[in-house]
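If you want the building blocks of each chain, they are given just below.
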Amino acid sequence: MTLRYLLLHRSDAFWTLLLVAAVLLGALVPSNDYYLNLMVLTLLYAGLASAWNIVGGMAGQFSLGHTAFVGIGAYTSTVLLNYAGISPWLGMLVGAAFSMLLAVVIAFPTFRMRGVFFAMATLAFSETVRILLIYSRKFVDLPYGLSIDFQPGLARMVFEDRASYVWLAGGYLALVLAAAFVLSRSFMGFYLRAIRDNEDAAEATGVPVRRYKLLALLLSAAFSSIGGTLMAQYVMYIEPGTVFTVALSVDLALMSILGGVGTLAGPVLGAAIALPFREFLVEAFGDAASGTHLVVYGLLLIVIVVLLPQGLLGGARSLRERIAARGRRSAGAQPKTGEQ
Amino acid sequence: MNDFIQLLVSGILLGGVYALCALGLNLIFGVAKVVNFAHGEFLMLGMYAGYWLMRGTGINPYYGAPLVGAAFFVLGLLFYWCLMRFTIYKPEMTQVFATLGLGIALQNLALLLWGGDYRTVQVMPAGAESVEFLGITVSANRLVAFCFAMSILAAVVLFLRLTFLGRAIEAISQDISAARLMGIDPGRIFLLTFGLGIGLTGIAGAVLVPSFYAFPSVGTFFVLVAFVVVVLGGLASVPGTVIGGLVLGVMESFTGFFSPDLKEATHFVLLILLLALRPHGLFGVKGAEKEALK
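All values derive from a computational prediction rather than experimental measurement. (Residues numbered from 1 in each chain as written. Chains lettered and ligands numbered in written order. Predicted model: local features only at pLDDT ≥ 70, side-chain atom pairs only at ≥ 80, totals over all residues. Heavy atoms only, no water.)

*Asks:* Requested: an account of the confidence of the model for chain B, with residues and values cited.
*Replies:* Residue and element names in this part refer to chain B. When pLDDT is averaged across chain B, the result is 81; 92% of the residues are at 70 or more. Highest mean pLDDT in chain B belongs to helix α8 (residues 186–208) (89); lowest belongs to helix α12 (residues 288–291) (51). Predicted complex, confidence summary: ipTM 0.80, pTM 0.83. (pLDDT = per-residue confidence, 0-100. Helix = DSSP H or I, 4+ residues; strand = E, 2+ residues; numbered from the N terminus.)

*Asks:* Give me the lowdown on empty space enclosed by the protein, citing residues and values where you can.
*Replies:* Using the criterion set out here, one finds four cavities of 30 Å³ or more in the structure. Here the largest cavity defines a volume of roughly 80 Å³. If you trace the largest cavity, you find it lined by Val116(A), Phe117(A), Met120(A), Leu25(B), Phe29(B), Val34(B), Val35(B), Asn36(B), Phe227(B), Val230(B), Val231(B) and Leu235(B). Of all the secondary-structure elements, those providing two or more residues to the lining of the largest cavity are α6 (115–136) of chain A together with α1 (2–32) and α9 (218–233) of chain B. For the lining of the largest cavity, a count of residues per class yields eleven nonpolar, one polar and no charged. (1 Å grid on protein atoms, 1.4 Å probe; cavity = no way out; pocket = protein on both sides within 12 Å on 5 of 7 lines; lining within 4 Å. Points joined across faces, edges and corners; volume = space filled by probe spheres on them. Nonpolar A, V, L, I, M, F, W, Y, C, P; charged D, E, K, R; others polar.)

*Asks:* Describe the pairing of strand β1 (residues 130–133) of chain B, with residues and values.
*Replies:* All names here are of chain B. The sheet contact formed by β1 and strand β2 (residues 136–139) spans four bridges and is antiparallel. Within β2, the residue paired with Glu132 across the bridge is Thr137. Taking the residues that link successive antiparallel strands as the turn, the β1-β2 hairpin has two residues, and the phi of Leu134 there is positive, at about 55°. (Pairing = 2+ DSSP bridges.)

*Asks:* Describe in detail the interface of chain A and chain B, supporting the description with residues and values.
*Replies:* Accessible area lost on assembly of the parts is the figure often given for the size of an interface. With 38 residues of chain A at the contact, the number on the chain B side is 41 residues. Buried area between chain A and chain B, both sides added, is near 3400 Å², and the carbon and sulfur share of it is 84%. Among the residues of chain A in contact with chain B, Val116(A), Phe117(A) and Met120(A) are the three that bury the most area, contributing 18% of the side total. Linking chain A with chain B are zero residue pairs in polar contact (both at pLDDT 80 or more). Every element with two or more residues in the side of chain A that touches chain B is listed here: α6, α12 (246–259) and α14 (292–307) of chain A. If one sorts the elements of the side of chain A that touches chain B by residue count, α6(A) sits on top with 14 residues. (Contact = heavy atoms within 4.5 Å. Buried area = accessible area lost by both parts, 1.4 Å probe. Polar contact = N/O pair within 3.5 Å; in protein donor to acceptor, adjacent residues only side chain to side chain.)

Here it is in structure tokens:
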């Protein structure tokens, strides 16, 4: 029943499930550390990009400040683990709560803005959080970077084998996607789409625009924060320079754009392409000189947004439509031309 | 009291430089409604241009500024011709990510070519680095940069007000369809504006290099400063840019005096507050921020 519902209602959900299943099945096959590492990162970023997509894609609010939520998640759980011995399973919820608190603070001034201005303001917000965090080291005895001791254990969310991390990140992605799926099918999803397409019209129709934007941001913040905790647990070393960078925010948005903004499968597809591709670039150009792979990455970013502003899924759809239109035209044209 | 005046003066000098940094951004934004996220990287390239000009030929960046400006004018034309013209009528996020991508590429290109070292040039003769006047000490480099900034800003205002081309630019920035009906080709004006904007940014960078260090990621600092100045002073308003720069410079000088670590945070908080409360800025045209959303 459920499966039929998924298959019938939109191919989007189908492709998402297929993609996730393919990735997770892949986890069973190789025991190669390199592939497993890539897989964990891909799943993690797919989850983070999907979380970004809730507010960035579905509601059309292009945030460039999600690194703040990721960073808060990473820092909260790690500080709690290192200094109070609290399990990251609990810590990630505390981090999510903090992120949602920040989301409320962010929502007030930024929700009046649109487009580029919203992007600029969220970027400024995340930078403010970063600076305040670095500044707070004056008052509390916090080192610049935090590392997690390697003591495997389920309660500490530290595992000996990478395959466990694949399941952890896969479970996270599944959770975010499930939430996004339910959301997109609920009335709230329709509200968000209405806001994205025309905020004034939505407001005039009686959609409580601010409330639903806030709800979307809260959800997105909470999931991003949980992803941040998982990232800290996997990388085992965090510092403001890695979890609080604008580059991370850009990455998340980019992956969604690459796949197709606002769709369920888009961010997953985007992450599944962008991340391995970047790893490939690092490997191909990493020895040449520092920065080469990022030059290529930046140029590709330009090419992608200029040529495929709707992402791969959007591009595929318009191609399909064009082919269908051509088919219709030639089907309609043949009887008229008569013999050939 | 003396401290106060000292802070005020150094803030004003810094503010003039900030205004110059933001001018190119505001010009392009005002006319083509493009928020150039690669602006900081063009400024960074300008700083390197000034640096290498001095190292290569011995020409002082202050004298070489017109040269850098001319080169960057061409760079701006290329920037529009090769990239931005494909994004101009697209959704605004295309522009954001295209310019962000260019910024990433340029920043890492600089890292690739010149490494991560902090570079600066010594232009003032030893002993003349600072000027004292009525008990107030100011850095000579800042003073020169400030004079540069003010004369260039004045020149731009005159250009926009007095020449036919300048008026065409203003017309396009005010109402593109009406301007088109008057026989102005928007594509050409956009091209010219990008050339001018990037050219001015190059000059700003070259003038900065004796008083600020040049390094590949210096642009990320300046781009946010430039955003604050533009939003503070008003979108699409050159005089507003001057005021915005001065206000920000003075503010930074004072917060820097009381708590240096929070200097940058005040920029961001100011930016957020401004965007929320007065998005068209102190002197900007009301509704200019909505104009960018089409």
